[in-house]
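# Topology and contacts: notes
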Amino acid sequence: MHSTRIPLVPLAILGSLLAVPALAQSTGLEDMVGARAGQAENGVRARGYEFIRADRGDDRSYTYWWSASRRQCVTIATMDGRYASVTPTLPPDCGKTATSDRGRPDNAYPARPAYPPPYRPSDDRRGDGYGGAPSISGRQVTLGLVCFGDGSRDGLATGTQWQWNSQRDRYEYGSYTESRREMFDASLMIQLWDGGGRIRLPKSLIPPINSRGDSGWWDLYDVQPGRDTITATYRLNGLNKPRVTIDRRAGRINVQGFSSYGFRGTCDQMGGPNRF
């Protein structure tokens, strides 16, 4: 996997514009990136994590681990026998609830079902309540979609390795930070009406610096509903203006933004077939 070494300060500035996860959300496993997978598993367990499950991707495998003390689920991607990334994710990904032992919701991890939920239009005083086609600020929604798939974004990976110190003329063991593409499960919603629409993004696809949106919804611009495809754009910030492409025949969606920002998946039509 291609990775690029870049200085920490410029990367932090760029990360504020892109959907980079907050560095404050530490998993306690960041230093294991680059470690051999078989040997590192004992280290993961020693730090209070229990193995939950494993998935296989095209070029890498994913294992899910849960820390009860941290109430933290992490996804570890393994490629070529080494840990490629350690990513904090939602408790439901580890089969856990997003509620603490004290019965109060953990706001950092909103609950997400493992299956497509029944559609419920927003009750933000702009819709018509439950059931039927919603109306958004007087505009009748003609197509409502809930899409599930894989999201991606630029992220940071840290680890330790031997490096050559030319000034001291010897190898030294030290830490490093790299920019890498992170993959994660995600879901989004789309509503279209005559001449426009909007898209609801998961928190994992919203960068720290953004155009604020409206309760998680972003307006869609340049909506072009064709016979086979629907295209549109939305504005996250001045740097990132992703393009949305919906394949009406296959029922699939592709979102492509700046750098590694993106999403691709399959959509369910609300109140209709999966082909629209």
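Residues numbered from 1 in each chain as written. Predicted model: local features only at pLDDT ≥ 70, side-chain atom pairs only at ≥ 80, totals over all residues. Heavy atoms only, no water.

## A few points about the sheet that holds strand S4 (residues 82–89)
Adjacent strands of a sheet pair through backbone hydrogen bonds, lying either parallel or antiparallel. Note the cut-off: Paired strands, as defined in this entry, are two strands with at least two bridges between them according to DSSP. Here a strand is any run of E in DSSP of at least two residues, a helix any run of H or I of at least four, and the numbering for each starts at the N terminus. Comment: axis = line fitted to C-alpha atoms, over the contacting stretch for helices; angle = value between 0 and 180 degrees taken between N-to-C directions.
Taking strand neighbours across the sheet as the criterion, the four strands line up as S1-S2-S3-S4 in an open arrangement whose pairing is antiparallel. Either end of the sheet is taken by a strand with one partner, and the two such strands are strand S1 (49–56) and S4. Strand-to-strand twist of the sheet, defined as the mean angle between neighbouring strand axes without regard to direction, takes the value 25°. In the sheet, S1 pairs with strand S2 (residues 61–67) via seven bridges, with the strands oriented antiparallel.

## Focus on the state of the cysteines
Formally: Cysteine sulfur atoms are paired as a disulfide whenever they fall within 2.5 Å. Any residue under 20% of the maximum accessible area for its type is buried, any over 50% is exposed, and the rest in between are partly exposed; the area is computed with a 1.4 Å probe on protein chains only.
All told, the structure shown has two disulfides when counted by the stated rule. Put simply, Cys 73 and Cys 94 are joined by a disulfide, and their sulfur atoms are 2.0 Å apart. For the disulfide bridge between Cys 73 and Cys 94, the dihedral angle about the S-S bond is near 75°, and by the sign convention the bridge is right-handed. With Cys 73 in strand S3 (residues 72–79) and Cys 94 in the loop between S4 and strand S5 (135–136), the pair connects residues that are 21 residues apart, well separated along the chain. Overall, Cys 73 belongs to the buried group, its relative accessible area being 0%. Between the sulfur atoms of Cys 147 and its disulfide mate Cys 267 the distance is 2.0 Å. Its S-S torsion of approximately 100° makes the covalent link between Cys 147 and Cys 267 right-handed. One end of the pair, Cys 147, is in strand S7 (residues 143–165); the other, Cys 267, is in strand S14 (residues 262–269), with 120 residues separating them in the sequence. Just as Cys 147 is buried, Cys 267 falls in that class too. In the chain, the bonded cysteines, numbered by position in the sequence, are linked as 1-2, 3-4.

## What about the confidence of the model for the chain?
Quick reminder of the rule: pLDDT runs from 0 to 100 and stands for how confident the predictor is about each residue. Here a residue-residue contact requires only that any non-hydrogen atoms of the pair lie within 4.5 Å.
The share of residues in the chain with pLDDT of 70 or more is 75%, and the mean pLDDT across the chain is 77. The model gives residues 1–24 a pLDDT under 50, and that stretch makes 50 contacts with residues more than four places away or in other chains. Note on residues 101–130: pLDDT under 50 across the span, and 48 contacts to partners over four residues away in sequence or across chains.

## Comments concerning a nonpolar patch on the surface
Rules: Patch definition: residues with relative accessible area over 30% and no salt bridge; like charges joined within 9 Å; nonpolar side chains (Val, Leu, Ile, Met, Phe, Trp, Tyr) joined within 5 Å. All accessible-area figures derive from a Shrake-Rupley calculation using a 1.4 Å probe, and residue coverage is judged against the displayed protein chains alone. Whenever Lys or Arg places a side-chain nitrogen within 4 Å of a carboxyl oxygen from Asp or Glu, that contact is recorded as a salt bridge.
Judged by side-chain polarity, Trp 162, Trp 164, Tyr 171 and Tyr 173 come together as a nonpolar surface patch covering roughly 590 Å² of accessible area. Secondary structure elements with two or more residues in the nonpolar patch: S7 and strand S8 (170–193). The topology assignment puts Tyr 173 in strand S8. A relative accessible area of 53% places Tyr 173 in the exposed class.

## Quick word on the pattern of salt bridges
A side chain with one charge can pair with a side chain of the opposite charge if their charged atoms come near. For the structure on display, the rule yields six salt bridges. Across the salt bridge formed by Glu 41 and Arg 45, the nearest N and O atoms sit 3.8 Å from each other. Placement of the pair is Glu 41 and Arg 45 together in helix H2 (residues 37–46), with a separation of four residues, close to one helical turn. Residue class for Glu 41 comes out partly exposed when judged on its relative accessible area of 31%. Using a relative accessible area of 41% as the deciding quantity, one classes Arg 45 as partly exposed. The partner of Asp 228 in a salt bridge is Arg 249, with the nearest N and O atoms 2.7 Å apart. Placement of Asp 228 in the loop between strand S10 (217–225) and strand S11 (229–233) and of Arg 249 in the loop between strand S12 (243–247) and strand S13 (252–256) is noted, with a sequence separation of 21 residues between them. Taking relative accessible area as the criterion, Asp 228 reaches 34% and is therefore assigned partly exposed.

## Description of the side chain of Ser 152
Relative to the helices and strands, Ser 152 is located in strand S7. Residue class for Ser 152 comes out buried when judged on its relative accessible area of 3%. Ignoring sequence-local partners within four residues, the contact set of Ser 152 consists of Arg 181, Glu 182, Met 183, Phe 184, Leu 205, Ser 260, Tyr 261 and Gly 262.

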